[in-house]
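Close look at the chain arrangement
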Amino acid sequence: MTTSATSGTGPADPAGPTENSLRRALKRARDGVALDVSEAAVLLQARGEHLDALTASAARVRDAGLEAAGRPGVITYSKSVFVPLTRLCRDKCHYCTFVTVPGKLRRAGHGMFMSPDEVLDVARKGAALGCKEALITLGDKPEDRWPEAREWLDAHGYDDTIAYVRAISVRILEETGLLPHLNPGVLSWTDFQRLKPVAPSMGMMLETTATRLWSEPGGPHHGSPDKEPAVRLRVLEDAGRSSVPFTSGLLIGIGETYEERAESLFALRKVSRSYHGIQELIIQNFRAKPDTAMRGMPDAELDELVATVAVARHIMGPSACLQAPPNLVDAEYERLIGAGIDDWGGVSPLTIDHVNPERPWPQIEELAAKSRAVGFELRERLCVYPEFVRRGEPWLDPRLRPHVAALADPATGLALPDAPVVGRPWQEPDEAFTASGRTDLHTAIDTEGRTSDRREDFDEVYGDWAALREAAAPGMAPERIDTDVRAALATAADDPTRLTDDEALALLHADGPALDALCKVADDVRKSAVGDDVTYIVTRNINFTNVCYTGCRFCAFAQRRTDADAYTLSLDQVADRAEQAWEVGAVEVCMQGGIHPDLPGTAYFDIARAVKARVPGMHVHAFSPMEVVNGATRTGMSIREWLSAAKEAGLDSVPGTAAEILDDEVRWILTKGKLPAATWIEVIETAHELGLRSSSTMMYGHVDQPRHWLGHLRTLAGIQQRTGGFTEFVTLPFIHTNAPVYLAGIARPGPTVRDNRAVTAMARLLLHPHIPNIQTSWVKLGTEGAAEMLRSGANDLGGTLMEETISRMAGSSYGSYKSVKDLIAVADAAGRPAKPRTTLYGPVPEERQRAARDSDGHLPRLLPVLD
């Protein structure tokens with residue numbers, strides 16, 4: 001047993017663990033048995049011979065990892081310069097001397113931020129000394145607390161601190177050749193998208209998961225909004241979702257108990273295993289500083305640090321990279337090596353450690369000698385660790401690859417010590433729209449099929465399947481509820497806008513005669529809202545690339561650039577397909593693609609222009625919210641600026657895809673790196689404000705439950721009441737056959753017929769009267785299924801499509817296009833008349849209707865368009 005320390009006194013406990021508990025935990029560690037939190041807490045208190053045994057075991061684990069990594073006996077460091085971009089911060093950590101206030105900066109003759117000239121002066125001097133990393137450290141969101149910071153940013157043309165970090169990183173890359181490693185504090189998912197193209201790696205210390213140290217008055221993090229453990233864990237997860245090589249770690253000795261310290265390590269391990277993105281863990285010992293609230297707090301002792309390093313090594317495993325800052329110990333380097341570290345972190349021959357200015361860096365020669373004395377060779381690495389250098393995409397943005405490759409040993413991923421450190425252009429890859437790969441996939445998918453049912457990197461690209469199975473378990477068997485369905489049906493029939501959440505949930509669970517009654521009510525509401533016409537649109541889908549590294553676990557469409565089924569169309573091919581569609585009566589092209597790392601953020605503008613130049617009258621319905629965010633972050637534009645530019649280029653409306661389920665509980669199981677629900681909403685509402693209308697969608701039947709459907713539909717109704725921008729709601733049943741999340745045994749095999757009827761009917765009722773058009777998907781349900789949905793509240797069949805690759809790659813068996821006659825036949829099967837429409841549900845010009853009738857709305861030959 002171990003006794004927790006009291007709050008605020010640190011982990012020291014005079015009683016300590018029992019001899020038996022120590023021996024038992026040590027044996028489990030030596031035997032390679034997975035430790036739990038209580039055993040780790042015991043081992044954190046090991047001292048004397050027990051600590052010697054613990055560190056010896058940890059060193060063996062470390063050595064096995066180095067052997068497997070191909071660098072046995074190597075300990076690394078990064079030759080760096082420290083750039084304190086601003087010392088202003090909105091937080092008030094009680095131990096920090098890095099942060100200051102505007103008045104002190106003015107009295108010292110400093111600006112609120114380092115100027116670009118000051119930053120580049122430091123970086124150039126570092127480059128001349130052979131440094132390869134620019135460690136950019138700053139306080140969290142200073143403009144939120146200090147008007148002086150806001151004024152500085154405004155005066156220099158930056159919307160926020162992150163914009164300045166991005167801009168200065170580009171200048172460092174182009175003018176000095178150093179690689180930026182960014183420590184800007186708490187970042188949002190969108191912030192990661194903005195910064196990933198300009199920095200090979202980023203970092204933020206977790207410090208601790210002990211919430212009480214943040215929430216209780218007198219705690220070291222009290223009054224610091226960015227030090228809430230849940231917030232910081234979300235940052236680590238967003239870094240993993242964004243495929244950003246990330247550094248994190250613990251600050252020990254700030255009042256946490258041993259159990260809390262152990263829990264922090266396990267939290268880091270969970271994130272590391274889930275996303276494989278934590279490149280390094282720093283175990284940093286607290287050092288009390290004068291003029292701080294914690295100046296009287298005792299320093300974390302060396303034994304505390306050594307034990308924590310050793311326990312971290314056992315918990316994180318052999319492949320983890322562990323660092324302990326060498327300037328925070330008194331030359332006791334051999335003890336840290338013996339405890340299991342394999343890295344010394346950044347060491348600068350030029351700049352001080354601005355966070356710990358009283359603790360100078362050791363000389364690199366001294367580190368090398370001390371390391372050599374215990375049998376280790378000191379080798380230089382880059383700010384991004386060798387494993388991520390070798391992994392390449394999606395961990396390194398294409399715009400950074402030349403900068404990293406110029407400084408990295410291609411064989412090891414370590415730094416080339418004598419590589420010239422010179423500025424290189426930071427620019428988009430050349431020839432983004434060169435046609436490549438299987439450009440006939442839009443037709444071959446119906447004849448030859450896909451090459452295999454999964455990508456070759458299936459086991460790595462989507463994260464940790466075991467962790468996902470645990471998270472998804474509640475959604476595998478949707479819960480049923482015991483509620484008065486008859487009363488809910490009465491409310492729906494009388495006035496569906498009065499349905500409560502409990503009543504709506506009861507109806508979403510309806511089955512048998514109750515489900516039949518629900519569909520009848522929905523069909524009656526449909527008839528009163530939009531009449532009997534079944535609308536459809538003559539349109540062509542153009543998926544301009546399927547190369548994508550986002551890691552959506554439900555998507556069977558995405559491929560790596562080297563996969564057999566990967567392809568990218570040229571601009572001419574896109575325009576050719578649009579022209580072909582116009583010739584057979586199309587009024588719209590719907591264009592979406594994978595998040596191809598080589599496509600610049602302006603590529604979407606080029607696509608819209610190419611179509612408009614070839615077919616001026618064609619409605620361009622294109623670019624999902626995920627593509628919008630990708631375009632905006634890659635260009636450095638705001639979402640509003642990017643959408644405005646896309647509209648000028650010819651974009652007419654936006655597909656409301658990438659929604660899946662607008663609940664992050666579900667989204668983070670379905671996808672590794674897609675935009676959060678709040679960002680989807682931001683994109684859609686911004687588009688609507690700019691006059692770009694959109695569809696809305698929901699993909700269901702995977703790891704979700706009816707409560708998620710209800711929340712999603714309520715969210716869409718709320719958006720529509722605010723903006724009025726949705727043209728329709730589209731039900732998208734999950735196609736499971738080739739979906740990675742199904743192949744891994746996590747998702748259900750798609751929705752049942754009951755689910756499809758209930759979702760369609762409830763969409764009609766819950767979105768009434770705000771979204772009048774409910775569309776069913778013949779691609780996913782087939783002719784009979786679509787006709788049934790038309791009897792359950794739907795009034796629209798979508799489009800002819802002419803080509804459809806995404807659902808077919810997932811395993812849909814209903815083909816890639818329907819003729820006009822086919823769609824009319826579906827309406828006939830439901831006993832209703834059919835009527836063509838435009839994207840915005842307006843009348844179709846007679847000339848377009850005639851062209852569609854003459855061709856029956858499909859291409860005379862569906863062959864690959866090749867130059």
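Refer to the structure above for everything that follows.
All figures in this text were calculated on a predicted structure; none of them were measured in a lab.

Looking now at helix α25 (residues 625-635). An α-helix turns once per 3.6 residues; consequently, residues spaced three or four apart project the same way. Taking burial as the measure, the 11 residues of α25 include 10 buried ones, the bulk of the element. For α25, the set of buried residues is P625, M626, E627, V628, V629, N630, G631, A632, T633 and R634. Lining the buried residues of α25 we find α7 (161-175), α8 (189-195), β14 (588-592), α24 (603-614), α26 (639-649) and α28 (677-689). Positive phi shows up at G636, right after α25, with a value of about 80°.

Quick look at the side chain of N546 now. For N546, the position within the fold is in the loop between β12 (539-543) and β13 (567-568). When its relative accessible area of 0% is taken as the criterion, N546 is described as buried. From its side chain, N546 meets the backbone nitrogen of Y567 in a polar contact 2.8 Å long.

So, about the pairing of β12. Counting buried positions along β12 gives five out of five residues, so the element sits mostly inside the fold. With five bridges joining them, β12 and β14 adopt parallel strand pairing. For R540, the partnering residue across the bridge sits in β14 and is V589.

This part covers the nonpolar core. Taken as a class, soluble globular proteins show a tendency for nonpolar side chains to be buried jointly. In this structure, M591 and W680 are the most contacted members of the largest nonpolar core, which totals 129 residues. Those residues in contact with M591 that lie beyond four places of it in its chain are I542, F544, V574, I607, V611, V620, H621, A622 and F623. Of all hydrophobic cores here, the second largest spans 123 residues; its members include I75, L187, L367 and L400.

Another aspect to go through is the side chain of E133. Mapped onto the elements, E133 comes out in strand β2 (residues 133-138). It is R381 that comes nearest to the buried, bridge-free E133 among opposite-charge side chains, at 4.7 Å. Side chain to side chain, E133 and S78 meet in a polar contact 2.5 Å long. Among all residues touching E133, those that are not within four sequence positions of it are S78, K79, S80, V81, L178, L179, H181 and C383.

Another point: the packing of helix α21 (residues 501-508) against helix α29 (residues 706-723). Interhelical geometry of α21 versus α29 gives an angle of 125° and a closest axis separation of 9 Å. When the interaxial angle is binned, α21 and α29 end up oblique. Relative to α29, the crossing made by α21 is right-handed. Listed contacts from α29 to D501, A504, L505 and L508 of α21 are P706, R707, W709, L710 and R714. Classifying every residue of the contact of α21 with α29 by side-chain character gives six nonpolar, no polar and three charged.

A word on empty space enclosed by the protein. Taken as a whole and assessed by the stated rule, the structure comprises three cavities of 30 Å³ or more. For the second largest cavity, the calculated volume is near 350 Å³. Along the wall of the second largest cavity there are 21 residues; nearest its centre are Q193, K196, S242, I595 and N630. Top element by residues in the lining of the second largest cavity is α25. It accounts for five residues. Looking at the lining of the second largest cavity, its residues break down into nine nonpolar, eight polar and four charged.

In this section: the pairing of strand β17 (residues 693-700). Taking burial as the measure, the eight residues of β17 include seven buried ones, the bulk of the element. Here two bridges tie strand β16 (residues 653-654) to β17, and the two strands are oriented parallel to one another. Along β17, the bridge assignment pairs V654 with S694. Across six bridges, β17 lies against strand β18 (residues 726-733) in parallel orientation. When the sheet's bridge partners are listed, T697 is paired in β18 with V730. Read from β17 through α29 to β18, the crossover connection turns out right-handed.

Here is what the cut-offs are and how they apply
Residues numbered from 1 in each chain as written. Predicted model: local features only at pLDDT ≥ 70, side-chain atom pairs only at ≥ 80, totals over all residues. Heavy atoms only, no water. Buried < 20%, exposed > 50% of the residue type's maximum accessible area, 1.4 Å probe, protein only. Helix = DSSP H or I, 4+ residues; strand = E, 2+ residues; numbered from the N terminus. Contact = heavy atoms within 4.5 Å. Polar contact = N/O pair within 3.5 Å; in protein donor to acceptor, adjacent residues only side chain to side chain. Pairing = 2+ DSSP bridges. Core = buried A, V, L, I, M, F, W, Y, C linked by side-chain atoms within 4.5 Å. Lys, Arg positive; Asp, Glu negative; His and termini not counted. Salt bridge = Lys/Arg side-chain N within 4 Å of Asp/Glu carboxyl O. Axes fitted to C-alpha atoms, helices over the stretch in contact; angles between N-to-C directions. Parallel < 35°, antiparallel > 145°, perpendicular 65-115°, else oblique. Left-handed = near helix turned anticlockwise from the far one by under 90°. Nonpolar A, V, L, I, M, F, W, Y, C, P; charged D, E, K, R; others polar. 1 Å grid on protein atoms, 1.4 Å probe; cavity = no way out; pocket = protein on both sides within 12 Å on 5 of 7 lines; lining within 4 Å. Points joined across faces, edges and corners; volume = space filled by probe spheres on them. Right-handed = clockwise from strand over helix to strand, strands pointing away.

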